[in-house]
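Inside the fold
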Amino acid sequence: MGRGRAKAKQTKVARQLKYTNQSIDYDRLREELGADTGRDEMHTNAGSEQESERAQ
């Protein structure tokens, strides 16, 4: 028992996140999450390799 209050709070927070217009600083978010710039390069290279394979 006691889950009702916790679920109500989660629902309230989810609604606030969904319906409020917040400006997101994506660069700061990347830094906080520890995103690696090399990973982005890997994805772009993989995409160009796939395109070259399709062309053959």
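To start, this report covers the structure provided alongside it. Model, not experiment: these values are computed from the prediction.

The rules behind the values
Residues numbered from 1 in each chain as written. Predicted model: local features only at pLDDT ≥ 70, side-chain atom pairs only at ≥ 80, totals over all residues. Heavy atoms only, no water. Helix = DSSP H or I, 4+ residues; strand = E, 2+ residues; numbered from the N terminus. Expected span 1.5 Å × (residues − 1). Buried < 20%, exposed > 50% of the residue type's maximum accessible area, 1.4 Å probe, protein only. Patch = residues over 30% accessible without salt bridge, like charges linked within 9 Å, V, L, I, M, F, W, Y side chains within 5 Å. Areas by Shrake-Rupley, 256 points an atom, 1.4 Å probe, with all protein chains shown as cover. Salt bridge = Lys/Arg side-chain N within 4 Å of Asp/Glu carboxyl O.

Remarks on helix α1 (residues 3-19)
- The terminal C-alpha atoms of α1 lie 24 Å apart, and with 17 residues this matches the ideal 24 Å at 1.5 Å per residue to within 8%.
- For α1, a buried count of zero out of 17 residues is recorded, marking the element as mostly open to its surroundings.

Brief notes about a nonpolar patch on the surface
- Residues I24, Y26, L29 and L33 make up a contiguous nonpolar surface patch of roughly 440 Å² in combined accessible area.
- Along the chain, I24 falls in the loop between α1 and α2 (26-33).
- The exposure class of I24 is partly exposed, given its relative accessible area of 48%.

What to know about the pattern of salt bridges
- Applying the stated criterion to the full structure yields two salt bridges.
- Between R30 and D27 there is a salt bridge, and its shortest N-O distance comes to 2.8 Å. Remark: D27 and R30 occur in helix α2; sequence separation between them is three residues, near one turn of the helix.
- One salt bridge connects R28 with E32, and the closest N-O pair in it is separated by 3.3 Å. Taken together, the residues R28 and E32, both in helix α2 and four residues apart, mark about one turn of the helix. The pair R28 / E32 is uniform in exposure class, with both members exposed.

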